[in-house]
Structure formats: C-alpha cells, structure tokens
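Report on the structure
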Amino acid sequence: MSRIIDFHCHIYPDAICQRAVQGISSFYGLPLVYDGSIGTLRSLGNLHGIDHFVVFSVATTPHQTQSINHFIAQSVQASHGTMTGLGAIHPDSENIRADLDEICNLGLKGVKLHHDIQKVEADDIRCMRIYECCEEKGLPVLLHAGDARYDYSNPKRLEQVLKRFPQLTVIGAHLGGWSVWEEAADRLPPYHNFYVDCSSSLYALTPGRALEIIRAYGAERVLFGTDYPMWPMEEELSRLQTLELTEQEAECITHRNAERLLGIAPKPAQKVERAASS
C-alpha cells in the first residue's frame, strides 16, 4: 500500500483523555487499548506506517461544541499536515448555522455526529436541520451508524436521511451499521451519496463476508479507519491486508477516497536519486 490514511480517530486533550476513554469503554462494555491522546496516535502512526489521520470528538452536550472544535482545530494546525479535523455539533444546539459557520472558519472539513451517545434519532427533525445546513455548505457528515442495542442510528433511519438529502455526503461508520452489518448491506448500498468506513467491523466479520460487503458498496465508497483508541492498530491493518482486495480497491480504501472527500493533499512522490556514474 503506497499510503494509509486512518479516517476514524477520536482524540482528547491530555488532561481528560483517560476519563473520556473510560466513558467509551463503559458505553460499549469493552476495554480500550490506547489512551486517546495525540501523542500516542502519532507514535502509532510512525510505528505502523499511517501518515495521515482524520480526527474528531463527540459533543455529548451543546455547550461542549466550541471547546471541542477549538481543540481539534489547534491539533490539526500543530500536526504539520498529518491531520484533518471534523467538527463536533450537537442536535440540541440553539444555533446550528452559527456552529457550522464556526466549524468552517476553523478550517474543519466536515461534521461528526454520534446519535447513540447523543440520544437523538438520526432522522429526528433536530438532526435534519444539521443535514440541511451541511448540504448547503458542502460539508460531509460522518455518523456513528448502527447498534443492535438501540434504534438511534440503524439503517432504516439512515435511509430516510439519504432519501431526503441526496446531495449530502454521508459517511456511515462501521460499514454502515455496527452490529447490524447485514441489514445495512441490504438497505444502504443503492444510495450513491453514502460512504462507509470499515472501523470496528473487520474483527466481527469473516474476511470473505467483509469483502462482499465492501464490494456491495463499491471500493470507491469505502474508507479505512481504526476507531482509535478502540483496537490494536496493527490488528486492524492486518485484517485489512487479509482481504483479497485488488490493488486498485486497496488504493481507494486506504487513501484515495479520503483524499477526494476531504481535500487531503496526495502524498508527494518520493524522489529516486540516481547513482552517480563512475
């Protein structure tokens, strides 16, 4: 693989990262592997050959959005071109348009929502206001998608969003439906404005079934993501490499789709030094 972009990374300030990770661990009933800090993410990228990260955090209340978005923007600015940020927004915000204006002014390239944590259905009227504004501004929306325990972001709700906003780029995390992968793969591939990332999914699917689901969407609509700090990064990379992807499919999934969706600059071609003639 010539380049790897990790499209799904949660990051937190050092002062609160341990507490944030504990909250995620409790929500999913899983021990998290990493601490959620930027320093750990950078070290893992260097170790495993991931040279760019799409980073974000989730606003659990409306008043958190400003501090989260400034933290993400500052982290991106300090990353020397190795990070792209998405903005946090909450469906109960008093001024969705102003929040999205600030996200754009901060240089963030899209929006992250987690309906299950925010406890608002994906097709709720409050979320529809967000999608409408994002469609107008050309901002992609990355959604946590699916959870068999709840019905906030399951495929039938996402389908209503995709029908109503055909010009909105929606990225459904976790192959479009965490723990409800089959229903997502049955319902959602026909919507060409719908992309998926493969974070927190390959561990639960056989390589053959994962490949079938990826090809149902089309590799040009699939993005690689690790869901940092959830899983060992080397295992997520190994699971991807186990899939019998063509070279073109792998290039799309590991970097080309992310570059196109978020305007991430392609990796400069390495110069080959010619040996001096003797």
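What comes next concerns the included structure.

1. As for the environment of Arg157
Note that Arg157 resides in helix H7 (residues 155-164). In this structure the C-alpha to C-alpha distance between Arg157 and Asp123, which are 34 residues apart in sequence, comes to 5.6 Å. With residues up to four places along the chain from it excluded, the contact list for Arg157 reads Glu121, Ala122, Asp123, Asp151 and Tyr152.

2. Considering the packing of aromatic side chains
For any pair of aromatic rings, the description rests on two quantities: the centre-to-centre distance and the angle between the ring planes. Applying the stated rule across the entire model yields 9 aromatic pairs. Both rings, one in Phe27 and one in Tyr28, keep their centres 4.9 Å apart while their planes meet at 80 degrees; by these two values the pair is edge-to-face. In terms of burial, Phe27 and Tyr28 fall into one category: buried. Between Trp181 and Tyr203 the ring centres are 6.5 Å apart and the planes differ by 80 degrees, which places this aromatic pair in the edge-to-face class. Linking Trp181 in helix H8 (residues 181-187) with Tyr203 in the loop between strand E8 (194-197) and helix H9 (207-217), this pair joins segments that are 22 residues apart in sequence. Among the aromatic residues, those joined into a ring-pair cluster are Phe27, Tyr28, Tyr150, Tyr152 and Trp178. Just above the ring of Phe27 sits the side chain of Arg149; from NZ or CZ to the centre is 5.2 Å.

3. As for the state of the cysteines
Throughout the structure, instances matching the rule amount to 0 disulfides. Free of any disulfide, Cys133 has its nearest cysteine sulfur in Cys134, 7.1 Å distant. With no disulfide partner, Cys198 has as its closest neighbouring cysteine sulfur the one in Cys9, 12 Å distant. For Cys198, a relative accessible area of 1% gives the class buried.

4. Brief notes about the sheet that holds strand E5 (residues 111-113)
Read across the sheet, 6 strands follow the order E4-E5-E6-E7-E8-E9 without closing on themselves; strand pairing throughout is parallel. The open sheet terminates on both sides in strands that have one partner only, identified here as strand E4 (87-88) and strand E9 (222-223). Bridge analysis of E5 against strand E6 (residues 141-143) gives 3 bridges, and the strand direction is parallel. Looking at the pairing, Val111 lines up with Val141 of E6.

Cut-offs applied
Residues numbered from 1 in each chain as written. Predicted model: local features only at pLDDT ≥ 70, side-chain atom pairs only at ≥ 80, totals over all residues. Heavy atoms only, no water. Helix = DSSP H or I, 4+ residues; strand = E, 2+ residues; numbered from the N terminus. Contact = heavy atoms within 4.5 Å. Phe/Tyr/Trp six-rings, centres within 6.5 Å; stacked < 30°, edge-to-face > 60°. Buried < 20%, exposed > 50% of the residue type's maximum accessible area, 1.4 Å probe, protein only. Lys NZ or Arg CZ within 6 Å of the ring centre and 35° of its normal. Disulfide = S-S within 2.5 Å. Pairing = 2+ DSSP bridges.

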